[in-house]
Amino acid sequence: MDDNDLIKTYFVDVLLPLPVATLFTYRVPKELESSVSFGKRVIVPFGRSKLYTALVIRVHTDTPKTVAKYVLDVMDPRPIISERQLSLWKWIADYYMCTLGEVMACALPSALKLASETKIKLRPDFNGDLTILNEYELMIVEALAHREAMTVDEVTKLVQVQKILPVIKSLVEKKVILTDEEIRNPYMPKKETYIRLADEYASEPPFMALLDALSASSKTAQQSDALLAFMMQAREGNVYNFRAAIPKSQLMKVEAVTPARWQTLLKKGYLITEERVVSRLVDCSSEDKVSNILLSPAQQRAFDDIKAQFDDHTVTLLYGVTGSGKTEIYIKLIAEALQKGQQVLYLLPEIALTSQIVNRLRKYFGEKVGVYHSRFNEYERVEIWSRVLQDQGFDTSKYQLILGARSALLLPYQNLGLIIVDEEHDASYKQQDPAPRYHARDSAIMLGNIHKSKVLLGTATPSLESFYNVEQGKYGLVTLMERFADSKLPDIWTVNMSEAHKQHKVHGVFSDFLIEKMSEALDRKEQIILFQNRRGYAVRMICHTCETMPTCKYCDVTLTYHKNTNLLKCHYCGYAIEVPHECPTCHSTDISMKGFGTEKIEEALAELFPDARVARMDLDTTRSKNAYQRIITDFEQHRTDILVGTQMVTKGLDFDRVSVVGILNADALLSFPDFRAFERAFQLLAQVSGRAGRKGLDGKVIIQTYQPKHPALQYVETNDFRAMYDSQIQERRDFHFPPVVRVIKLSLKHPEDKVVKDAANYLAGLLRTEFPRRVLGPEYPLVARIQNYFIQDFWIKLPKDNHLAEYKQKLQAIIDTFRQEKAYKKVRCVINVDA
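Reading the values: the criteria
Residues numbered from 1 in each chain as written. Predicted model: local features only at pLDDT ≥ 70, side-chain atom pairs only at ≥ 80, totals over all residues. Heavy atoms only, no water. Helix = DSSP H or I, 4+ residues; strand = E, 2+ residues; numbered from the N terminus. Rg over C-alpha atoms; globule rule 2.2 N^0.38 Å. Buried < 20%, exposed > 50% of the residue type's maximum accessible area, 1.4 Å probe, protein only. Contact = heavy atoms within 4.5 Å. Areas by Shrake-Rupley, 256 points an atom, 1.4 Å probe, with all protein chains shown as cover. Lys, Arg positive; Asp, Glu negative; His and termini not counted. Charge placed at Lys NZ, Arg CZ, Asp CG, Glu CD. Pairing = 2+ DSSP bridges. Axes fitted to C-alpha atoms, helices over the stretch in contact; angles between N-to-C directions.

A. Quick look at the overall build of the protein. In terms of regular secondary structure, the protein is built from 25 helices and 38 strands. Here the protein has a C-alpha radius of gyration of 31 Å; the compact-globule value for 835 residues is 28 Å, and the two agree. Taking the principal axes of its C-alpha atoms as reference, the protein extends roughly 90 × 80 × 70 Å. Looking at the protein as a whole, 53% of its 835 residues qualify as buried. Considering only contacts in the protein between residues 6 or more positions apart, those separated by 24 or more positions represent 75%. When the accessible surface of the protein is split by element, carbon and sulfur atoms take 48% of a total near 38700 Å². Charge separation in the protein, taken as the distance between the mean sites of 109 positive and 105 negative side-chain charges, equals 2 Å.

As structure tokens, this is what we get:
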């Protein structure tokens, strides 16, 4: 700001991580004018007594119509978001009909967001000097002397001053009080204690003199030995580095020296400690060169075709069968982008996939690879954020290749050259709750457009949306229909479970045919994957006298039996009860468990194959941060013979010894009441089948079903995606469903059934007036009550034309009108675009 700026009053428009539709304007104090700028975080008062961290979106001199509150502080020396990143946030907010604040809350790691908990307390190190305090500050300090903590509301009532936040800020600056995680930044760099030689001994002559002096006396000879042990840790090849600093944790592992001896050397000043900022992240050096990857002729043709398609299309679909070697092609494309100094985003639908593929990528790209997903703690996520932004406080290279699940899309990229969306068909890319309910694949395409970068969608089972866009000429298409290294696609058998039961060829949950194939595989030291898309032990408990089934107290679903914890649990809200010994309704003891989940399969396998090593991969076994990695690594290294899992085991995992895949209950996928059920059943069954028969093994897939003639199963058996696509796209045209039209789903939620019904009828009238013949509903969903909220759904079908923004404006106006209706103010309205 120049001299002419001194007479100006500056304001900032800031974004708060709240579900509000507008930016808020604050006045910038003179002392902060030089430090405030776009993308920095500032602390602002909000409401009567809240403090929030907000992002500066615009600095200006336009005086607002109302009196603006003051910015309290600037938190960052440089911006933490980029202009391009904000452009993506705005697009997500606009397209998915949510607020920009909700996108910010989703995108920023929690450690970068500060919300006021409104508590203050005296600093433990406050020296008691009251002469520095004014009248109001003195009143607060005297009150805190008798209480451990106070809320801002309590302080306001005590002092009887409306503008209490500047008083609190003053006390913070005078180091009199602490705020309980409202004002201080919760992100603290990780520090580690290092030990090094004191400066006077940090070269060879004085060090040798010290050794001689200590060795001369039997009392200090052991100290001399300890110093020699220290220098052995500081050796770099054949050279001793007298200025090396060794992590204290490393020295404590030296067996020849006790911790007490190290302490003695520190006390005598021969060694000194220092705190250093270290990374929380694991860095790896590359072990292999991309040039060592030799593509097969089919892969090379696909690689060349992709680059040719990129000349004409921003987005290209790579349709390659399972096991065709798509990852090797990705690696070659990544290497080209990195050589140009560009960043690359590699999106995956599941964290389970991330843990396996990251090891393959780090072999070639080493410490250039960063991983970002929700299982990292908040401090690790901040560190990755900083490296992508090139704003790190430690000496490491920036990340050029980011591998991650959906949330990695929202990082602050500076120079993105290539985006890869692997398994692009996967439903996990669509966020359901909370807002923003964005689709990572579609948002990645917009991110590519913002950065002028290329986007590659890869899959063995394309989504109908992507293949439809290929047919419309919007995307390029490259096919790879041969498996790598002459591997064959697996043989697929369907087992008619109705006939098997009649012929007594079923043992528990397994057909005799599946048991036979599993036994043969185990005899050959091969591995097996079993897929059942339901966790727990049994689906429900039933009383055979009155047919009562225990249901959730808060949701309209039966409780699932989990044998490990001996509880009946709700998978929607977490409600759980102990397993009753009798029927809670009629007190009969004639009760049993029906259906089966992954727990029951695991138990049954232990009985059938007592010598086999069995692992289970579902939500219950993968809650901890490194659980995915442990289970997958054990299976990769053949420490596990049989892997039982939910849909986590179906997605892109690459195991070289799997010869048998069993799908234990295909009907649960085929019978789901959803217009995408057929497509998703085909994709899931084809994907899990693709785990078998890689690296030269003959693969066998056994599908257990009561509907062996179902068209989806026949398409899977023949691996005929095109026939599946043609049949389904015709149905979508006939009944007006995506991708032929756009769909926006509205859900109304309220704890009282009558209220939500009345609200739905009122909203239906508004919608049908504006969108005649385009509204389905209101209707209860499959589960009509979740977490004590009754639900009514609408589906609004909109044509794919150039008027989408106009339709959304009309819809938003209707929703605003609905929300202003006094009787329905407490009814939640959830908007889900492209549901």
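B. Local environment of helix H15 (residues 464-471). For H15, the tally of buried residues reaches 7 of 8 residues, placing the bulk of the element in the interior. In this structure, the buried residues of H15 make contact with strand E14 (315-320), helix H14 (440-451), strand E19 (454-459), strand E20 (476-480), helix H21 (677-689) and helix H23 (721-735). At the C-terminal side of H15, Gly-473 shows a positive phi close to 85°.

C. Representation of the pairing of strand E33 (residues 700-705). With respect to burial, E33 is a largely interior element, 6 of its 6 residues being buried. What you see with E33 is no split at all: Lys-700, Ile-702 and Gln-704 on one side and Val-701, Ile-703 and Thr-705 on the other are buried throughout. Of the pairings in the sheet, the one linking strand E32 (residues 658-663) to E33 comprises 4 bridges and is parallel in character. The residue bridging Gly-662 from the neighbouring strand is Ile-702, located in E33.

D. Summary view of the sheet that holds E14. Taken in spatial order, the 7 strands line up as E16-E17-E15-E18-E19-E14-E20 in an open sheet, and their pairing is parallel. Two strands bound the open sheet, and with one partner strand each, they are strand E16 (369-372) and E20. Neighbour to neighbour, the strand axes of the sheet diverge by 20° on average, direction disregarded. In terms of strand pairing, strand E15 (residues 343-347) meets strand E17 (residues 401-404) through 4 bridges, oriented parallel. Residue pairing across strands places Val-344 opposite Leu-401, the latter belonging to E17.

E. Spatial organisation of the sheet that holds strand E4 (residues 50-60). Read from one edge of the open sheet, 5 strands run E2-E1-E4-E3-E5, paired in antiparallel fashion. Sheet topology places strand E2 (24-27) and strand E5 (73-74) at the edges, where each strand pairs with a single neighbour. Direction of pairing for strand E1 (residues 11-15) relative to E4: antiparallel, over a ladder of 5 bridges. Of the residues in E4, the one forming a bridge with Asp-13 is Arg-58.

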